[in-house]
Every structure is written in C-alpha cells, then in structure tokens.
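Structural overview for review
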Amino acid sequence: NAVAGGAGENAATVLKTRVLSGKPPTAAQVKGPAIQEWGETGKLANINSVAKANNWDGLLPAVVSDVMKYNGNYVAVPVNVHRVNWLWINKEVFIKSKAKVPKTWNELFKAAAKIEKAGFLPIAHGGQAWQDATVFEAIVLAVGGAKFYNKVFVDLDIQALGS
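To keep things clear, this report deals only with the structure shown in the data block. Owing to the predicted nature of the structure, the values given are computational and were not obtained by experimental measurement.

1. Comments concerning the pattern of salt bridges
Under the criterion given, the structure shown has 3 salt bridges. The partner of Glu 92 in a salt bridge is Lys 96, and the shortest N-O contact between them spans 2.9 Å. Note that Glu 92 and Lys 96 are positioned in helix H6 (residues 91-97) at a spacing of 4 residues, about one turn of the helix.

Printed below as a string of structure tokens:
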C-alpha cells in the first residue's frame, strides 16, 4: 500500500514499523546507505539469481552495484538511480524574466536576481529535513569541490572543516 503523506521520512517510518511488527511488505523502495542498514537486519532477500540473469555486474558501474549489494550479494534492484542535485526550472518564468538558464553558481545568482526582479520566487523547495540536507550538501560540493566534500562527508575529517 502507498504511504500517506508521500515519500521520505514518512515512508521510512512506516516501513520500519511494518517490519518490526512482523508485517513487512513484499518489496519496498530503499535507497543508498539505507540498503546497507537494512542488510544488517537480515531482512533483505538475496537476489543474485535475478542480477546474474540480467547481467547486472556487466551493465552497472561499480558505484551503483556496490550499493545494491550487502556482503557481496545483491539485495536491492537498481531502480531510482539518479543524482539529487538537479535544478528544475520553469521555462516560462525564465522567458518572462529574460533570465538565462544557469550552468554555474554565478549564473544561478544572476538568474535568481532577474527572476525576483520580474516578480517571481527564484528558488523554492519543500522544506523537509532531507531536502534541506540535500541542498546543503549540493552547496558544499559546488563551493568546496569534490575533494573537500569527500573529506567532510565521506571521511568525516573534522580538520577539513577548517581548510
């Protein structure tokens, strides 16, 4: 059954409740690091036969297949594989504002100023905690670069914050 209120935190809470109460769904959409967390519970099925039949190891880049595996076994299907730092635009607003679709940070600020001057809200998002975190991480990556981002968010190098 669909989760009332949409995805994100609501869906994760409902999934945990169902699993802990002994009423797990047949399938659920779980992404990224959460796959490894669920793998630790022993509640995920080994789907190596499906992966082998569809040549996932030959088709998927390691960065994707590694996430789909727990202890070397496929436990997740590679769906909903995408980047989160996309920028969705309203073409009509850009046209009316005479703003150029941005390709850099500086262009984003210039476009936002033109859009605001034309009477439109230049940037918006849903305001849920995961969305705030996503926007924050995208800004850290854009401003600090990949090396800085990895030191801070992957290596958890506290010294990198002062660099």
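2. Points about the nonpolar core
Judged by nonpolar contacts, Ile 35, Ile 47, Ala 51, Trp 56, Leu 60, Val 64, Met 68, Tyr 74, Val 75 and Ala 76 together constitute the single largest core of 10 residues. Other than its neighbours up to four places away in sequence, Ala 51 contacts Trp 56 and Tyr 74. Val 93, Phe 94, Ala 99 and Ala 111 belong to the second largest nonpolar core, which has 5 residues in total.

3. A few points about a nonpolar patch on the surface
Together, Leu 87, Ile 89 and Val 101 give the surface a local cluster of nonpolar side chains, amounting to about 250 Å² of exposed area. Inspection of the secondary structure puts Ile 89 in the loop between strand S2 (73-74) and H6.

4. As for unusual backbone geometry
Not every positive phi belongs to a glycine, and Asn 71 is a case in point at roughly 50°. For Asn 71, the location among the structural elements is in the loop between strand S1 (69-70) and S2.

5. Thoughts on the side chain of Lys 69
Among the structural elements, Lys 69 can be located in strand S1. Apart from the residues lying within four places of it in its own chain, the contact partners of Lys 69 are Gln 36, Asp 57, Tyr 74 and Val 75.

6. Considering helix H8 (residues 129-154)
For H8, which comprises 26 residues, the first-to-last C-alpha distance of 20 Å sits more than 12% below the rise-based estimate of 38 Å (1.5 Å per residue). At Gly 145, H8 shows its strongest bend, of approximately 125°. Among the residues of H8, those classed as buried are Gln 131, Thr 134, Val 140, Tyr 149 and Val 152. Two residues or fewer past H8, Leu 156 is found with a positive phi of approximately 55°.

7. Some points on the packing of aromatic side chains
One pass over the full model with this rule turns up 4 aromatic pairs. Seen from their ring centres, Phe 136 and Phe 153 are 6.3 Å apart, and the 80° between their planes marks the pair as edge-to-face. The exposure class assigned to Phe 136 is exposed, which follows from its relative accessible area of 51%. Judged by its relative accessible area of 29%, Phe 153 is partly exposed. For the ring pair Tyr 149 and Phe 153, a centre distance of 4.8 Å and an interplane angle of 40° mean the geometry is tilted. One end of the pair is Tyr 149 and the other is Phe 153, both in helix H8 and 4 residues apart, which spans about a single turn. Judged by its relative accessible area of 18%, Tyr 149 falls in the buried class. Each member of the aromatic cluster is reached from another via a ring pair, and the members are Phe 136, Tyr 149 and Phe 153.

Conventions and cut-offs
Residues numbered from 1 in each chain as written. Predicted model: local features only at pLDDT ≥ 70, side-chain atom pairs only at ≥ 80, totals over all residues. Heavy atoms only, no water. Salt bridge = Lys/Arg side-chain N within 4 Å of Asp/Glu carboxyl O. Helix = DSSP H or I, 4+ residues; strand = E, 2+ residues; numbered from the N terminus. Core = buried A, V, L, I, M, F, W, Y, C linked by side-chain atoms within 4.5 Å. Buried < 20%, exposed > 50% of the residue type's maximum accessible area, 1.4 Å probe, protein only. Contact = heavy atoms within 4.5 Å. Patch = residues over 30% accessible without salt bridge, like charges linked within 9 Å, V, L, I, M, F, W, Y side chains within 5 Å. Areas by Shrake-Rupley, 256 points an atom, 1.4 Å probe, with all protein chains shown as cover. Expected span 1.5 Å × (residues − 1). Bend = angle between axes of the 7 residues up to and from the residue. Phe/Tyr/Trp six-rings, centres within 6.5 Å; stacked < 30°, edge-to-face > 60°.

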